[in-house]
Amino acid sequence: MSFPLFDLAGRRALVTGSGQGIGLALAEGLAAHGARVILNGRDAGRLEAAAATLAEAGHAVETAAFDVTDPDAVAAAVAALEAGGPVEILVNNAGIQFRAPLEDFPIERWRALMETNVSSLFYVGQAVARGMIARGRGKIINIASVQSELARPGIAPYTATKGAVRNLTRGMATDWARHGLQVNAIAPGYFRTPLNRALVENPEFSTWLAARTPAGRWGETRELIGAAVFLASDASSFVNGHTLHVDGGITASI
Ligand code: NDP
């Protein structure tokens, strides 16, 4: 049985920040639907280990270690990747978190959050989109957050970055849809990853989360794959500038 609308066979997909966590789950999910995935992160050792696991499972996988906050490194890496064939799908997933009361928030942490969570989408997105525009097709998926909509104490800067991700997604779609690109975002709720270690290890948070989320639990990273496959495939050919919440209903309810 084949599902042509969702078939990613042979498509090359760069997933930033995919040595672990949500990025790795998305890369594995895209690969399971036929894509040739390119893992990225700064830790080359972690990427090689993750790539070996995917390859053992029979998936087509490459690695590209670079820092998404360094525009020169991004330009060089994307040029090298495109020399090996077109990058047809980009998932802008790399992101960081830092928690502190806003009145004590260190300025260097603010800057790092802005560079990693917002500017990198521009750097990598622009570099990859140029090839997509020349080819007249391409898919970009930006990873937003429940914090694209809602704040929580101690993470005001992260909340600002994820609000920007949502609106940058709209802006990218507005500029690039006419060139045959679809640019959309996935906004995850709460998933157990290293980024959320402080929350995962806090039983009070899990109790609060279960009560606050209509689905009554944490999400599993594999539950983000369906949204990614939809937005990476022909099934979403007229979807542009949309943010798809995958959050157990948390942003639907007060
Ligand atoms: P993790 O911390 O588990 O993974 C983040 C990845 O990003 C790491 O593999 C890291 O690799 C990479 N990364 C960080 N900085 C850079 C950089 N400058 N250049 C290249 N790669 C980088 O996070 P999650 O998987 O939890 O989060 C992934 C995305 O999902 C983020 O954008 C996050 O904001 C978002 N999100 C997560 C939620 C959750 O519940 N976990 C909820 C909502 C959104 P390395 O250190 O090797 O560079």
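Residues numbered from 1 in each chain as written. Predicted model: local features only at pLDDT ≥ 70, side-chain atom pairs only at ≥ 80, totals over all residues. Heavy atoms only, no water.

- Looking at an unreviewed UniProt entry, one finds the chain named Glucose 1-dehydrogenase, with Amaricoccus solimangrovi as its source organism.
- Within the UniProt record for the chain, the comment given under Sequence similarities (unreviewed entry) is "Belongs to the short-chain dehydrogenases/reductases (SDR) family." (UniProt positions renumbered as here; feature names shortened; annotations may be inferred.)

**What to know about the environment of alanine 79**
Next up, step 1: Position of alanine 79 among the secondary structure elements: in helix H3 (residues 71-83).
Next up, step 2: Considering only alpha carbons, one finds alanine 79 and glycine 180, 101 residues apart in sequence, at a separation of 21 Å. (Helix = DSSP H or I, 4+ residues; strand = E, 2+ residues; numbered from the N terminus.)

**A few points about the packing of aromatic side chains**
Next up, step 1: Tallied over the entire structure, the rule returns 6 aromatic pairs.
Next up, step 2: For the ring pair phenylalanine 205 and tryptophan 218, a centre distance of 5.7 Å and an interplane angle of 55° mean the geometry is tilted. Of this pair, phenylalanine 205 sits in helix H7 (residues 203-212) while tryptophan 218 sits in the loop between H7 and helix H8 (225-232); the two residues are 13 residues apart in sequence, bridging distant segments of the chain. Each member of the pair, phenylalanine 205 together with tryptophan 218, is buried.
Next up, step 3: Taken together through their ring pairs, the aromatic side chains of Tyr190, Phe205, Trp208 and Trp218 make up a single cluster. (Phe/Tyr/Trp six-rings, centres within 6.5 Å; stacked < 30°, edge-to-face > 60°. Buried < 20%, exposed > 50% of the residue type's maximum accessible area, 1.4 Å probe, protein only.)

**A look at the packing of helix H4 (residues 107-135) against helix H5 (residues 156-176)**
Between two packed helices, what matters for the description is the angle formed by their axes and the separation of those axes.
Next up, step 1: For the pair H4 and H5, the least separation of the axes is 9 Å and the interaxial angle reads 15°. Of the possible angle classes, the one that applies to H4 and H5 is roughly parallel. As H4 packs across H5, the resulting crossing turns out to be right-handed. Residues Trp110, Leu113, Met114, Asn117, Val118, Leu121, Phe122, Gly125, Gln126, Ala129 and Ile133 of H4 form the contact with H5, whose participating residues are Pro157, Tyr158, Ala160, Thr161, Lys162, Ala164, Val165, Leu168, Met172 and Trp176. (Axes fitted to C-alpha atoms, helices over the stretch in contact; angles between N-to-C directions. Parallel < 35°, antiparallel > 145°, perpendicular 65-115°, else oblique. Left-handed = near helix turned anticlockwise from the far one by under 90°. Contact = heavy atoms within 4.5 Å.)

**As for the sheet that holds strand S5 (residues 138-143)**
Next up, step 1: The strand order across the open sheet built from 7 strands is S3-S2-S1-S4-S5-S6-S7, with neighbouring strands paired in parallel fashion. Strands with a single pairing partner mark the edges of an open sheet, and in this sheet they are strand S3 (61-65) and strand S7 (243-246). Neighbour-to-neighbour, the strand axes of the sheet open up by a mean angle of 20°, direction not taken into account.
Next up, step 2: In terms of strand pairing, strand S2 (residues 36-41) meets S3 through 5 bridges, oriented parallel. When the sheet's bridge partners are listed, valine 37 is paired in S3 with valine 61. (Pairing = 2+ DSSP bridges.)

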